Amino acid sequence: ESLAAQLAKPDTIVIDCRFRLTEPAAGFSAYRDGHISGARYAHLDNDLAAEPGPSDGRHPLPDPERLAATLGAWGILRSSFVVAYDDASGAIAARLWWLLRWLGHDRVAVLDGGLDAWLAAGQPLETAPPDCEATHYVPNTTHDDWVVQTDEIGRYLDSGALLLDARSDARFRGIKEPIDPIAGHVPGARNLPFTVMLAADGTLLEAEALDNALTRSIGKQGGDVVIAMCGSGVTACHLLLALAAAGRRGGKLYAGSWSEWIRDSNREIATGEEA
């Protein structure tokens with residue numbers, strides 16, 4: 001209901017982030033079949049990530065200038081209020097939320113519950129392409145200190161940082177790995193599946209329940225530094241969204257995540273429960 005009212009405001013821009021790792025064209029196909037009024041489409045591989053190199057994870061961060069050009073093509077201004085949504089409880093939309101904030105754009109939100117919540121509220125979809133006039137988007141700043149590189153992980157862990165892995169328990173423990181060629185986790189990491197932050201309907205837990213879930217994994221204060229990771233730096237952003245929604249400050253992104261960690265066979269791999 002809040003978004004439906006917001007759509008009438010000219011500074012509101014909605015971005016559809018639906019995506020399937022196993023079927024990269026499925027998200028745009030679903031978008032063409034029906035999307036929230038005025039929504040632009042963001043493709044995870046093409047718009048929200050760079051082309052991976054030999055030593056990169058599956059979804060490297062996009063070049064800031066290229067990302068700014070994409071935002072401009074969508075008609076986004078520094079003053080725009082951007083709302084991202086998907087059909088995966090925010091798992092993909094949170095990546096755009098984080099990228100915008102990384103560029104210093106704070107007027108950004110994720111539609112709680114995504115497209116399912118929109119439809120459950122009786123809101124309509126449209127198939128017409130959006131009428132958007134391109135702009136010249138100028139980033140405010142790039143928060144490079146929010147990003148942790150692979151060669152920095154050991155130093156951060158030695159200094160007491162918490163490395164939280166948003167993947168499922170089975171992937172973390174190395175029981176199964178349906179996406180990457182090697183199963184397991186970074187030694188010293190803790191498992192906090194992003195789904196733990198969700199209610200049964202796919203919305204984020206209420207603030208108190210969210211804080212309790214986070215406290216069970218990272219303590220009341222959360223340590224000096226909390227680093228989020230996953231398979232490729234996408235659902236990790238959902239953990240950072242949960243931290244923000246719970247009123248906790250900080251949090252860094254290990255953008256390369258597991259798919260980058262395993263690029264080098266000399267890096268240690270752990271399986272089973274975390275220590």
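Check the entry above for the structure.
Only a predicted model underlies this, so the values are computations on that prediction, with no experimental measurement involved.

Thresholds, definitions, all that
- Residues numbered from 1 in each chain as written.
- Predicted model: local features only at pLDDT ≥ 70, side-chain atom pairs only at ≥ 80, totals over all residues.
- Heavy atoms only, no water.
- Phe/Tyr/Trp six-rings, centres within 6.5 Å; stacked < 30°, edge-to-face > 60°.
- Helix = DSSP H or I, 4+ residues; strand = E, 2+ residues; numbered from the N terminus.
- Buried < 20%, exposed > 50% of the residue type's maximum accessible area, 1.4 Å probe, protein only.
- Pairing = 2+ DSSP bridges.
- Contact = heavy atoms within 4.5 Å.
- Axes fitted to C-alpha atoms, helices over the stretch in contact; angles between N-to-C directions.
- Arc of directions from axis to C-beta.
- Right-handed = clockwise from strand over helix to strand, strands pointing away.

Student: Please explain the packing of aromatic side chains as it appears in this structure.
Tutor: Between two aromatic rings, the relevant description is the distance of the centres plus the angle of the planes. Throughout the structure, instances matching the rule amount to 5 aromatic pairs. When the ring of Phe-28 is compared with that of Tyr-31, the centres are 5.8 Å apart and the planes differ by 20°; the resulting orientation is stacked. Taken together, the positions of Phe-28 and Tyr-31, both in helix α2 (residues 26-33) and 3 residues apart, correspond to about one turn of that helix. You can call Phe-28 partly exposed: its relative accessible area is 35%. On the basis of relative accessibility, which here comes to 6%, the residue Tyr-31 falls in the buried class. Where Phe-28 meets Tyr-41, the ring centres are 5.4 Å apart and the plane angle is 50°; that geometry is what we call tilted. Here Tyr-41 lies in strand β2 (residues 40-41) and Phe-28 lies in helix α2, a separation of 13 residues in the sequence.

Student: Looking at this structure, how should I read the sheet that holds strand β1 (residues 12-16)?
Tutor: The strands that make up a sheet pair up through hydrogen bonds in the backbone, lying either parallel or antiparallel. Strand order in the open sheet formed by 4 strands is β2-β1-β3-β4, and the pairing between neighbours is parallel. Edge positions in the open sheet fall to β2 and β4 (108-110), since each of these has one partner strand only. Where β1 lies against strand β3 (residues 81-85), 5 bridges are found, and the strand directions are parallel. When the sheet's bridge partners are listed, Val-14 is paired in β3 with Val-83. Along the sheet, helix α5 (residues 93-102) makes contact with β1, β3 and β4, crossing β4 at roughly 165°.

Student: Honestly, the sheet that holds strand β6 (residues 162-165) in this entry has me stumped. Any pointers?
Tutor: One open sheet holds the 5 strands; their spatial order is β5-β9-β8-β6-β7, and the pairing between them is parallel. For this open sheet the edge positions go to β5 (147-148) and β7 (190-191), each flanked by a neighbour on one side alone. With 2 bridges joining them, β6 and β7 adopt parallel strand pairing. For Leu-164, the partnering residue across the bridge sits in β7 and is Arg-190.

Student: For this particular structure, what's the right way to read α2?
Tutor: Because an α-helix completes one turn every 3.6 residues, residues spaced three or four positions apart along the sequence face the same direction. For α2, the complete set of buried residues consists of Ala-26, Gly-27 and Tyr-31. Taken around the axis of α2, the buried residues stretch over an arc of 140°, which confines them to a single face. Of the residues in α2, the exposed ones pointing more than 90 degrees away from the buried face are Arg-32 and Asp-33. Of the surrounding elements, those touching the buried residues of α2 are β1 and β2.

Student: Teacher, can you tell me more about the pairing of strand β8 (residues 226-229) here?
Tutor: The two faces of the sheet receive side chains in turn, since in a regular strand these alternate between them. The alternating pattern of β8 places Val-226 and Ala-228 and Ile-227 and Met-229 on opposite faces, both of which are buried. As judged from the 4 bridges shared by β6 and β8, these two strands associate in the parallel manner. Bridge pairing links Asp-165 to Met-229 in β8. Relative to strand β9 (residues 252-254), β8 runs parallel, the two sharing 2 bridges. The residue of β9 that forms the bridge with Ile-227 is Lys-252. Each parallel crossover has a hand, and for β8 linked through helix α10 (residues 236-245) to β9 it is right-handed.

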